[in-house]
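Secondary and tertiary structure notes
Next come the chains, spelled out residue by residue.
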Amino acid sequence: MKCILLFPAWNPYETFSKHTAESQVNIWPPLGILYIAGNLIRAGHSVKVIDGSFNTNYDIIQQVKDFRPDFVGISSTTYAWKSALQTAKDIKALNSNIHITVGGAYAIAQREKAFKDDMAIYIDSLCYTEGEYVTLQILNRLENKTNLSNVLGTIFRDEDGRIITNPPSPPIENLDDIPFPPRFLLGNLNKYVSPPGTYKRLPMTTMFTSRGCSNLCIYCFQIYRDRHIRYRSPENVVSEIEECINKYGIKEIKFLDDQFAGDYSRVEKICDLMIEKKLDITWYASIIAGSVDLPLLKKMKRAGCWAILIGAETGVQKNLDTIQKNVTLQQIEQTVKWVKQAKIKPYTPFMFGIPGETYEDGLKTIKFACKLNPNYVDFNALTPFPGTTIYNNYTKYGTIAEDSNDYTFQHVAFVPYTMTKEQIIKLRQIAFKRFYSRPNYILKKLFEVRSIYDIKALLKGGISLFWIWAGRNIFDPDEMKRKETRRITNRRDIKKYID
Ligand code: B12
Ligand code: SF4
């Protein structure tokens, strides 16, 4: 069958303050739909992938029109949901026989609620689980002209228009069996970049070596809420790295696993293989404090690792406990210390707006961040996505936003009873200003300049800092919202594309 898999149109800069976006925006490949595409191609289907980071809705509809698919799969986060429904509506206006399935974070978290949305009448089915095998089964049913009854992990409308929810499908245990993401479907990979300072070399790509997390922090979205991590074998991971180098000319990889070092000996084995094969790759990974030690970090460094993200979140132990991070401040400090000793650059994101957190706690977090002195920090607003403990029981913790467009880490989607929205915005501004204005930090950055990328990072960081110092309320979510509204009203009329 002819299939299109797409990520809805958006502008990656629109969720950030225009004054700091240049040093914050990641534009990364849509791995979720790529994984599904790989599985469909293996089964003999013809597949096109459209990434809405580089296409307006108008462009997307034009490409759907040209390709004439039988099936369109749309991926959606909470933030992208409205845009996803608009795209579904426009595709149906083009050809109502195209079967449209939605999947991704929002569909998984909201299930029937999402499928009962007013605009969801333009969607034929919803997948609330991993999509690789489910999509294949949907296509089989379409080929056989039967409905989706008993296709596990899906919701659909039967012939009488009744909404039928099938039982869940189990997580995919053998991740090695899924084909590597067919990155060639994305065209030129040079368009995928991270902010300057967060990569060493280009072109770069992203990769997952596992799925899941052993924690269940009360604000974090997880596909399966079972604290179970599924791992790919070291051989399978290294084989994908080799494909990236040899087939796509990739020089740097961001391992996006929630918990790259969840299995100590597997990381050792991956590094051993990378060192043994002398792979010319630099990389970055995300770990939980306490899951590594100095010998492992040194091995990671030898294998090409140059930066590590450690979710620090807060400088107050009581608040770490509230979010159920399962780490202590001492573990965070020790891990950052070891990372530095291994000559790897630590990156520690923080957040404001934890239930029970006060403004004074927020100031302590800023102090803690400066004391840790990592290479790079981020200060976000705690965002409890649908399906998470906070979202499901929000009245116990504070107030939440109703507009799905507020579910980014920059808008303030949640305000705990112990803080105000204005305080969260103010803390973000103070935090960025204090951390990045420290003379020692600036001097260190100047001495670290080795490449054109470092100079770019310094310049863009300097511009962001200028605006923060200029005293503007640059993290005002209403300003970001105005940008989104402009995007939506600028949507071009698609009527001319309808046959
Ligand atoms: C890489 C990434 C990005 C990249 C690329 C996004 C993309 N195009 O895929 C960038 C940097 C652009 C990005 C942006 C944002 N992101 Co992001 N991102 C991720 C990250 C780290 C990995 C996504 C991924 O590749 N996962 C691996 C694949 C295998 O899993 P998957 O994408 O979920 O796909 C599987 C299933 O969901 C399902 N599926 C997915 N799509 C479809 C479609 C169909 C038809 C079917 C049947 C099934 C299906 O099958 C897939 C294969 O099993 C996740 C965290 C995570 N661990 O997943 C956050 C995550 C998805 N992002 C999130 C957020 C909040 C954002 C931003 C709002 C941040 C911001 N800028 O302010 C934006 C929103 C962008 C938008 N328009 O929606 C949240 C979403 C939470 C939610 N419930 O909505 C997540 C879950 C992080 C988190 N835990 O908080 N993100
Ligand atoms: S925030 Fe990090 S540690 Fe917590 S559940 Fe999510 S991925 Fe795991």
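None of the values given here were measured: they were computed from a predicted structure. Residues take numbers from 1 onward in each chain, read along the sequence in its written order. For naming, the first written chain is A and the first written ligand is 1, with later ones following in the order written. Residue-level local features of this predicted model are given only where pLDDT is at least 70; pairs of side-chain atoms are given and counted only at 80 or more, and the full residue set underlies all totals for whole chains, interfaces and linings.

Here we take up the nonpolar core. Counting 127 residues, the largest nonpolar core has Leu5, Leu6, Leu126 and Ile308 as the members making the most contacts within it. Contacts of Leu6, omitting those with residues within four sequence positions, involve Ile33, Ile50, Gly52, Ile60, Val72 and Ile74. As used throughout, a nonpolar core is a set of buried Ala, Val, Leu, Ile, Met, Phe, Trp, Tyr and Cys residues joined through C-beta atoms within 7 Å of each other. Buried means a residue has 20 or more other C-beta atoms within 10 Å of its own C-beta, exposed means 12 or fewer, and partly exposed covers the counts in between; C-beta atoms are placed from the backbone. Contact between two residues is assigned whenever their backbone-derived C-beta positions fall within 7 Å.

Bringing the site of ligand 2 into the picture now. Only the C-beta atom matters for nearness: placed from the backbone, it must lie within 6 Å of the molecule or strand for the residue to count as near. Near ligand 2 the following residues occur: Cys213, Asn215, Leu216, Cys217, Cys220, Asp258, Ile288 and Gly311. Three residue categories are used. Nonpolar comprises Ala, Val, Leu, Ile, Met, Phe, Trp, Tyr, Cys and Pro, charged comprises Asp, Glu, Lys and Arg, and polar comprises the others, including Gly. The class makeup of the residues in the shell around ligand 2 is five nonpolar, two polar and one charged.

Quick look at the site of ligand 1 now. In the vicinity of ligand 1 lie 47 residues, with Gly32, Gly73, Ser75, Gly103 and Gly131 positioned nearest. Elements with a contribution of two residues or more to the shell around ligand 1: helix H1 (31–42), strand E3 (71–75), strand E4 (99–103), helix H4 (105–110) and helix H6 (132–143). For the purposes of this entry, the term helix denotes a DSSP run of H or I that reaches at least four residues, the term strand denotes a run of E that reaches at least two, and both are numbered from the N terminus. Tallying contributions element by element places H1 first for the shell around ligand 1, with five residues. Its residues assigned to classes, the shell around ligand 1 comprises 29 nonpolar, 15 polar and three charged.

Below, the discussion takes up the sheet that holds strand E14 (residues 345–352). Paired through their backbone hydrogen bonds, the strands of a sheet run either parallel or antiparallel. When DSSP finds at least two bridges between two strands, those strands are taken to pair. Taken together, six strands build an open sheet; the order of strands is E8-E11-E12-E13-E14-E15 and the sheet is parallel. Each edge of the open sheet is held by one strand with a lone partner, namely strand E8 (204–207) and strand E15 (376–381). Adjacent strand axes in the sheet meet at a mean angle of 20 degrees, parallel and antiparallel pairs treated alike. Inspection of the sheet shows strand E13 (residues 305–310) paired to E14 by three bridges, in the parallel sense. The residue of E14 that forms the bridge with Ala307 is Lys345. Where helices are involved, their axes are fitted lines through C-alpha atoms of the stretch in contact, as for all axes, and angles between N-to-C directions lie from 0 to 180°. Most of the contacts of helix H15 (residues 421–437) go to E15, to which it runs at about 175 degrees, and overall it touches E14 and E15.

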